Structures are given as structure tokens and as C-alpha cells.
Amino acid sequence: MKISTRLTFLCAVVGGISLSAAEIAADTLAETPAAPVVAPKLSGASEARVRAMENFMTATASRDRDERLSLFVEVLRDDPGAVPPREFIRGLVETRADARKVASKLLEIAKKNPKQLGLAALAGQMCYAANMVPSEYLGTLRDILDGVSDPARLPDEEKSSYYSIVGVYSSALKQARDYRTGSAFLESELDRDESPFREMMLRFAIDFEHFFSRYGDKASRWFGLADSDREAAGKRFEQLFAECDAQEKTTPVEDLDRYIDFCIAVGKPQTALRAAERLAAENKSPQNRTRLAYVAIEAKAFDKVPPIVAELSKLDGWKGVSQLISINSLLAQGKYDQAQKEIAELKVPMARDEFMLKLYATKKDDKAMRDQLEEMEKHLSPGVEVDLANALRQVAVAEKLHDVKLLNRIWKLLVDTEQIESPEAANSVGYVAAELNVRLEEARKLIAEALKAEPDNYAYLDSMAWVCFRQGKLDEAEKYMRLALRASEQEVTRGVIYEHLGDILLAQGKKSEALAAYREALDYTEDDDFDPAVVEEKCRKLEQP
């Protein structure tokens, strides 16, 4: 029979309670009437373990999520080395609001128990998930990391926790835009000799330097005599990546998938392609050939795709996959007419519809996308089946086309089917109404409802700022936009937020601050809704004497 987690944990806890003879009286039968039995006296440590056991039992029996989270934290307070409550907490935390309920408490416990690396890893993850101000937990994480004299020789489980702490520490330094502290720390880690440990730290360092080569401070130091943080990071990134690249030939085949993902993540698709070719040569499975094809598209090595498509099309069950690869390759090359012909050959209607939408989105043909979405809507049962994803796509199209009539139609449709109650739908409709400058008070109410559900969602905060801006409430708009920036510190899609901030500051007459915001926006060109050319023009106008 299967033993429950709770039972396993209780056995472990009970087995771990060790009491001295002086603490528990001998269990003997008196020949004469006995005096009242005195409750056993436990040591402080034993009392804590008993409390932990009781709290764990209560938590696993409770149906209230908040109570369970709170009790699992108390288990760790009394028994910092306990593993099951850590895993339960990870499973219960689903939102930033959940993380905020436990982050500070876990950080406090981790600070008091610096040798418990698994606990520190959990605390760091919760602080980051809660979007706490980095300065509130960076110091504690660094003290814990510095307290490990030789991390390369930790047992595997503790080494994994150490890596996790390094990952959170690195991410928090990115969020704090503290390039020099992170670079110095990772460089010191790379000075250690243990090969597998250095390989892992090398990837952390490459990722860190890659981030700052794109988002670091652009200002040169020492009156232009020293590199800016961004320039220094770029040079360090190339140096470290060259070392990593030299090791690729010895990377085990089973690790190549992760290596490919890593290379793509740090902007090295050509290296990823070489690794994918090696993977496909070592193991000629259809999955690896498919992987190679998509990496080739990412690396713009389009000539490598047709042979793979031809090969996969001959295999049973892989014809559809080969078609999707070919269509994606054609779209990436801008060969829209040819792609459309191949989309028409797809047997699944839903796949045809989705790829046509992708084609129009790639072409930025909003009118064609509107027509396609309306055609798809006709296939649904009126008033019953409403595809929320397609409805929200139509709202986005209404924004691009400045089509108030389309916005109002979808707005009514979402209200009639009660899907406007979805925070995502409420925010999307409210934001586009603000963008089109219509029904502003209704839009504000919708966005307010979305914020009730997710008060620290940066997109919703940006929407509220924008509707305030449209209403002429500039101080309130700036307040919400600053909150949106704070909430989005972990994101790379912040272009529109910085652009909106610039617009608000400019309307307030703060020209120099507006220009600084626009310049920040230009660092975030990955934002699909962001148009760099528009912002560059705004910068030029402000830079004119």
C-alpha cells in the first residue's frame, strides 16, 4: 500500500526526537497509590520538533490555503531542515500575492539558519516571486552564499540548492541594476577549480553579462576613459561565451538540449545550430530532426530546413509536423504567398485559422486579421460559444485600426456572455477604450476590477495610468505608471510602459525627465506593442534646441 507523505514525514520527525533519561520518568508501576503523573519535560529543541509535527498534521488536514501556508511556515520556523513543508509551500504558491504571504517570514527563518541551503533557496525564490525590493533580501542571500566555504564540494542536493540561491541572487542583482556587484561575485566563483562547478557558474556568469550588455548603464566612467557598464559587460560576455563554446565538443549528448536552449537564450543561435546538428547526427530521431529545423529557423539558416521537411514528410505520423515546420520557415523569410498556399493544404481547420492569423500578424495586416477573426466567429454558436482568445484578439485589432465600432461590438459580446468578468478581458477592453479615448469612466471601472483581482499586475497598472492620462488626471497617471514600472522590474517588455511614462511627464511639462524615459524605452524593443521609430522621433523633437 502507498504510504502518504504525511505519514512518512511523521515517522521521520518522531524518529528524530531524542530525549534523555532525565527528561522522561521511567514507566514503572507503583505498588502503592501513585501521585499524579507529571507531564514529561522536553528540551527546547524537542518541543520545537513536537510543535513542527503538530503544525504539519494540522496543515495537511486543513482545506484553507492561507492557513496551510501559514502553518507550513511555522513548521520551518521550528524545524528549519524539514523538506516536506518546503515542497508543500512551492505547490501552494501560485501567484505573486501568495508569495508575498510567506516571503518575509521565510527570509527571516533562513537568516537565522544560514546552513540550511534548501530553506534559503525557497526563501529567495519566494522573495523574487513576490517582487520584493531587492535590497530587502540581497544582503541575506549574499551572507548565506559567503558562508559556504567550498560550494564545489557540497553534497549534490545541497549543491543544487546553492545553485538555486545563486540564480535568485543573480536575478535580483539584475532587477536592482547592480552590474558591478554581480560581476565581481561571479568572477570570484569562477576562480574555483572544480570543473563541473565552474561549468555551472560559467553559465550563470554568461547570462548575467548578456543581460547587462543590453540593459546596463550606458554612461562611460572616469570622464570617458573607462568602459560603461554596458560596454564592459559586452566584452566580458564574449570572453566567457568563447570559453563555454570551446567546451561544446565535449558536452555529453544528453546535455545538448539544455545547451541549445541556453545558447538561444543568450543570443547565440549559430552556436545553438551547431549543437543541434551534432545532436541530430548522434541520434537521428524525428524529434531531433524537428529540433534542428526550428533552431535553423531561429539562426536564419533557412537552406537547412527543406531537406528536413522532405525527410519528415515520408515518415508515418510526421507529415503534419513537416508542414508546420515549412510554414514557419516561410513566414520567417517573409514568403507570405507561398506560406498561404501551404496553409491552405492543412487538413485541420483550426490549424489553418491559427496560421492565417499568424501570417497576418507577421505582415502587420490588421484589416485582414479583423476579417479572418470575424470569419472564425461565424463558425461559433451565437450567444453560446465565445472564444475569449479570439475576442481579445479582435480588441487588439480594434486598437490598431482605431475601430471604435469593433471595440464596442466585442465589448457587448463579452458583457452578454459574462466573460468581461475575466481580469484579462476587463483590462484589455479598458485599455483599448483608453487608447481610443472613448467611454473612459467605464474603462476605468473595468481596469479597477482587474486590479482588484491582481493588484500588482504591471499591465493592469499601466492601463490604469493610461486611462487617468486620457482623463487629464496627470499626477494620478504618473503615480500608477511608477507602480507599473516597479511591478515590471523583472520584465524585458517594458518599452510601452517607459513610453507612456514619457508621454505623461511631457504633458506635465517635465521635458528632461520625459526624454530620459523615452531613451529608457528604446532599450526594450522586444515589446511587440512598442514602435521604436515613434519613440525615436519623440526623442529627436525633445533634443532640438
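Going by the structure above, here's the rest.
Presented here is an overview of the structure given in this document. (Residues numbered from 1 in each chain as written. Predicted model: local features only at pLDDT ≥ 70, side-chain atom pairs only at ≥ 80, totals over all residues. Heavy atoms only, no water.)

### Comments concerning the packing of helix 26 (residues 495-507) against helix 27 (residues 511-521)
What counts here: Where helices are involved, their axes are fitted lines through C-alpha atoms of the stretch in contact, as for all axes, and angles between N-to-C directions lie from 0 to 180°. Counting from the N terminus, the helices are the DSSP runs of H or I reaching at least four residues and the strands are the DSSP runs of E reaching at least two. An angle below 35 degrees is read as roughly parallel, one above 145 as roughly antiparallel, one from 65 to 115 as roughly perpendicular, and any other as oblique. Whether two residues are in contact is decided by their heavy atoms, any of which lying within 4.5 Å being enough. In this classification, the charged set is Asp, Glu, Lys and Arg, the nonpolar set is Ala, Val, Leu, Ile, Met, Phe, Trp, Tyr, Cys and Pro, and all remaining amino acids, among them Gly, are polar.
Taken N-terminus to C-terminus, the directions of helix 26 and helix 27 make an angle of 170 degrees; their axes are 8 Å apart at the nearest point. With respect to helix 27, the axis of helix 26 lies roughly antiparallel. Packed against helix 26, whose contacting residues are Gly495, Tyr498, Glu499, Leu501, Gly502, Asp503, Leu505 and Leu506, the element helix 27 presents Lys511, Glu513, Ala514, Ala517, Tyr518, Glu520 and Ala521 at the interface. In the contact of helix 26 with helix 27, the residues fall into eight nonpolar, two polar and five charged.

### Quick look at the nonpolar core
When a protein is soluble and globular, its nonpolar side chains tend to lie buried together. Rule in force here: We define a nonpolar core as any set of buried Ala, Val, Leu, Ile, Met, Phe, Trp, Tyr and Cys residues linked to one another through side-chain atoms lying within 4.5 Å. Only protein chains enter the accessibility calculation, which uses a 1.4 Å probe. A residue is then buried if its area is under 20% of the maximum for its type, exposed if over 50%, and partly exposed in between.
Counting 162 residues, the largest nonpolar core has Ile89, Leu106, Met126, Tyr162, Ile206 and Leu407 as its most contacted members. Here Ile89 is in contact with Leu69, Phe72, Val73, Leu76, Val102, Leu106, Leu122 and Met126, once residues within four sequence places are set aside.

### Comments concerning the packing of aromatic side chains
The geometry of an aromatic ring pair comes down to the distance between the two centres and the angle between the two planes. The test is simple: Note on aromatic contacts: the rings of Phe and Tyr and the six-membered ring of Trp form a pair at centre separations within 6.5 Å, being stacked when their planes are under 30 degrees apart, edge-to-face when over 60 apart, and tilted otherwise.
The final tally for this structure, using the stated rule, is 15 aromatic pairs. Relative to Phe197, the ring of Tyr162 lies with its centre 6.2 Å away and its plane at 45 degrees, an arrangement referred to as tilted. Pair noted here: Tyr162 is in helix 8 (residues 156-175) and Phe197 is in helix 10 (residues 195-215), with a separation of 35 residues, a long-range link. Considered together, Tyr162 and Phe197 belong to a single accessibility category, that of buried residues. Between the aromatic rings of Tyr169 and Phe185, the centroid separation amounts to 5.1 Å while the plane-to-plane angle is 75 degrees, which identifies the pairing as edge-to-face. On the criterion of sequence distance, the pair formed by Tyr169 in helix 8 and Phe185 in helix 9 (residues 179-190) is long-range, its members being 16 residues apart. In this structure Tyr169 comes out as buried when scored by relative accessible area, which is 3%.

### Observations regarding the layout of surface pockets
Definition in use: The method works on a 1 Å grid over the protein atoms by themselves. A cavity is a set of points holding a 1.4 Å probe that cannot get out, a pocket is an open set with protein on both sides within 12 Å along at least five of seven lines, and residues with an atom within 4 Å of a point line them. Grid points are joined across faces, edges and corners, and a volume is the space filled by probe spheres set on the points.
As a volume, the largest pocket reaches approximately 1600 Å³. Lining the largest pocket are 43 residues, with Glu399, Lys400, Asp527, Asp528 and Asp529 positioned closest to its centre. Considering each element in turn, the lining of the largest pocket owes the most residues, eight residues, to helix 20 (residues 388-401). Classifying every residue of the lining of the largest pocket by side-chain character gives 18 nonpolar, seven polar and 18 charged.

### So, empty space enclosed by the protein
Tallied over the full model, the rule gives one cavity of 30 Å³ or more. By volume, the largest cavity amounts to about 30 Å³. Every residue lining the largest cavity is listed: Glu199, Arg203, Cys244, Gln247, Thr251 and Tyr259. When the residues that make up the lining of the largest cavity are grouped by side-chain class, the tally is two nonpolar, two polar and two charged.

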